[in-house]
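Here is how the chains run, residue by residue.
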Amino acid sequence: MEEALLDQTRLPRHVAVIMDGNGRWAQKQGLMRVRGHEKGTKSVRQTVETCAQLGIAYLTLYAFSTENWKRPKIEVDTLMKLLVSSLRKELPTLQKNGIKLQAVGSLHQLPEKAQRELTEVMELTRENTNMHLTLALSYGSREELTTAVKLIAQDVVTEKLAVEAIEESTINKYLFTRDLPDVDLLIRTSGEHRISNFLLWQIAYAELYFTNTLWPDFRKEDLLQAFKNYQDRERRFGKTSEQL
Ligand code: FPP
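In this numbering scheme, every chain counts its residues from 1 along its sequence in written order. In keeping with the model being predicted, local features are shown solely for residues with a pLDDT of at least 70 and side-chain atom pairs are shown and tallied solely at 80 or more, while totals for entire chains, interfaces and linings include all residues. Side-chain descriptors were evaluated using all non-hydrogen atoms of the structure, hydrogens and water having been removed beforehand.

Undergrad: A description of the sheet that holds strand β1 (residues 14–18) should follow, citing residues and the corresponding values.
TA: The parallel open sheet is built from six strands, whose spatial order is β3-β4-β2-β1-β5-β6. Of all strands in the sheet, those with a lone pairing partner are β3 (99–104) and β6 (207–210), marking the two edges. Put simply, the sheet's adjacent strands are angled 20° from each other on average, direction ignored. Contacts: residue pairs with any heavy atoms within 4.5 Å of one another. Comment: axis = line fitted to C-alpha atoms, over the contacting stretch for helices; angle = value between 0 and 180 degrees taken between N-to-C directions. Numbering goes from the N terminus for both helices and strands, where a helix is a DSSP run of H or I of at least four residues and a strand is a run of E of at least two. Against the sheet, helix α2 (residues 33–54) contacts β2 (58–65), β3 and β4 (131–139), and its axis sits at roughly 160° relative to β2. Contacting β3 and β4, helix α4 (residues 112–124) crosses the sheet at an angle of about 140° to β3. The pairing criterion for strands is at least two bridges between them, as found by DSSP.

Undergrad: Could you give an account of the pattern of salt bridges, with specific residues and numbers?
TA: Salt bridge, as used here: a side-chain nitrogen of Lys or Arg that lies within 4 Å of a carboxyl oxygen of Asp or Glu. With the rule as written, the count across this model stands at 19 salt bridges. In this structure, the salt-bridge partner of arginine 24 is aspartate 20, at a minimum N-O distance of 3.4 Å. As a salt-bridge pair, glutamate 38 and arginine 35 come within 2.7 Å of each other at their nearest N and O atoms. One end of the pair, glutamate 38, and the other, arginine 35, are both in helix α2, three residues apart, so they sit about a helical turn from each other. When accessible area is computed with a 1.4 Å probe and restricted to protein chains, residues below 20% of their type maximum are described as buried, those above 50% as exposed, and intermediate ones as partly exposed. Judged by relative accessible area, which is 31%, glutamate 38 ranks as partly exposed. In the salt-bridge network here, residues are joined through shared partners; they are Asp20, Arg24, Arg188, Glu192 and Arg194.

Undergrad: So, the site of the ligand: which residues are in play, and what are the values?
TA: The local shell around the ligand holds 18 residues, among which Asp20, Gly23, Arg24, Arg33 and Arg71 are the closest. Definition of a polar contact: a pair of N or O atoms within 3.5 Å, with one able to donate and the other able to accept a hydrogen when the atoms are protein atoms, and with sequence-neighbouring residues admitted only if both atoms are side-chain atoms. In the model, an oxygen atom of the ligand is placed 2.7 Å from a nitrogen or oxygen of the arginine 24 main chain. Between arginine 71 and the ligand, the recorded distance is 2.8 Å, taken from a side-chain N or O atom to an oxygen atom. With residues, only the protein chains shown are counted as cover, and all accessible areas are computed by Shrake-Rupley using a 1.4 Å probe. In isolation the ligand has 620 Å² of accessible area, and contact with the protein removes 91% of it. The way it works is a 1 Å grid over only the protein atoms, where trapped points that fit a 1.4 Å probe form a cavity and open points with protein on both sides within 12 Å along at least five of seven lines form a pocket, and then any residue with an atom within 4 Å of a point lines it. More than half of a molecule's atoms within 2 Å of the grid points is what it takes for that molecule to sit in a cavity or pocket. Among the cavities detected, the one that contains the ligand is the largest pocket. For this purpose, a residue is taken to be near a molecule or strand whenever a single non-hydrogen atom of the residue falls within 4 Å of it.

Undergrad: Describe the packing of α2 against helix α3 (residues 73–96), with residues and values.
TA: Contact pair α2 / α3: the axes reach a minimum separation of 10 Å and the direction vectors enclose 25°. One way to sum up the angle between α2 and α3 is to call them roughly parallel. Helix-helix and strand crossings are classified by hand; for α2 and α3 the assignment is right-handed. Seen from α2, the contacting residues are Arg33, Val34, His37, Glu38, Thr41, Arg45 and Glu49; seen from α3, they are Ile74, Glu75, Thr78, Leu79, Leu82, Ser86, Lys89, Glu90, Thr93 and Lys96. These descriptions rest on fixed angle ranges, namely under 35 degrees for roughly parallel, over 145 for roughly antiparallel, 65 to 115 for roughly perpendicular, and the rest for oblique. Should the near helix be turned counterclockwise from the far one by less than a right angle, the crossing is left-handed, whereas a clockwise turn marks it as right-handed.

Undergrad: Hey, could you go over the nonpolar core for me, with residue numbers and the actual values?
TA: By size, the foremost hydrophobic cluster in this structure holds 41 residues, and its most contacted members are Leu59, Leu133, Ile187 and Phe227. Take this core: its biggest share by element is seven residues, from α3. Discounting chain neighbours no more than four positions away, the residues touching isoleucine 187 are Val15, Ala16, Val17, Ile18, Tyr209, Phe218, Leu223 and Ala226. Counting twelve residues, the second-largest nonpolar core is a separate cluster that includes Tyr62, Val183, Leu186 and Leu199. By nonpolar core we mean a set of buried residues, namely Ala, Val, Leu, Ile, Met, Phe, Trp, Tyr and Cys, connected to one another through side-chain atoms within 4.5 Å.

Undergrad: Describe helix α5 (residues 141–157), and please don't skip the residues or the numbers.
TA: Helix span is expected to be 1.5 Å times the residue number reduced by one. The end-to-end C-alpha separation of α5 is 24 Å, in line with the 24 Å expected for 17 residues at 1.5 Å each. If you check which residues of α5 are buried, you get Ser141, Glu144, Ala148, Ile152 and Asp155. Burial along α5 is one-sided: seen end-on, the buried residues are contained in an arc of 70°. Exposed and oriented more than 90 degrees from the buried face of α5 are Arg142, Val149, Lys150 and Val157. Packed against the buried residues of α5 are β4 and α6 (168–173). Positive backbone phi, at 60°, marks glutamate 159, one or two positions downstream of α5. The arc under discussion is defined with respect to the helix axis, by the directions toward the C-beta atoms.

Written out as structure tokens, the structure reads:
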């Protein structure tokens, strides 16, 4: 797949990725699961760089779900360590490509070290405008929606918000992703066809792309393939072809 075959004017504005298959990749080669996560960081770097170079405005990566806390401690610890070391290592890449880092999720549940590193890199990249990279960390969409409902209820009780004034756009404003537009393209690797509690509200009109490639094997070529597939589809948002 050549980059030149893509229509630069019809790239997705917001791409979200469920990076799946690290454990299976490792097990297939007789390695410990954590090796798969380590290898997965290379795919993260390539995906981030390619998206920035192509001019994708928003990239959101599902790095750790609320359910992932149930994994063995050694795996959780490794993922948190990888997060900290990747943030440190990749700061120059973020700066070079003008990438602003953000995070969504129950961030207070992360180890303090991870929270500190995250806050620091977010602060240092705050002024970058080329691409918004959002890491979903300790993230669950139902938790996000539950939190939003509570906040809305509070604002209604304290009369900051009238019930009649609640619109779809109001709900957006109460989500962790309040600064992000709707997702245009959701990619999931490793052959699983599930959403797994990721951005349920935000993917209402997203195109879904599933590939059998395991995340550690996911390369620029695979990403370009996903974009080509996206461009070959007709997005109708409920209208007929003739109305578009
Ligand atoms: C899913 O594979 C992947 C994860 C739970 C974590 C993703 C994390 C990384 C790619 C590395 C660190 C991230 C950043 C942003 C630096 P799985 O373990 O569920 O695979 P399996 O389904 O084959 O078991």
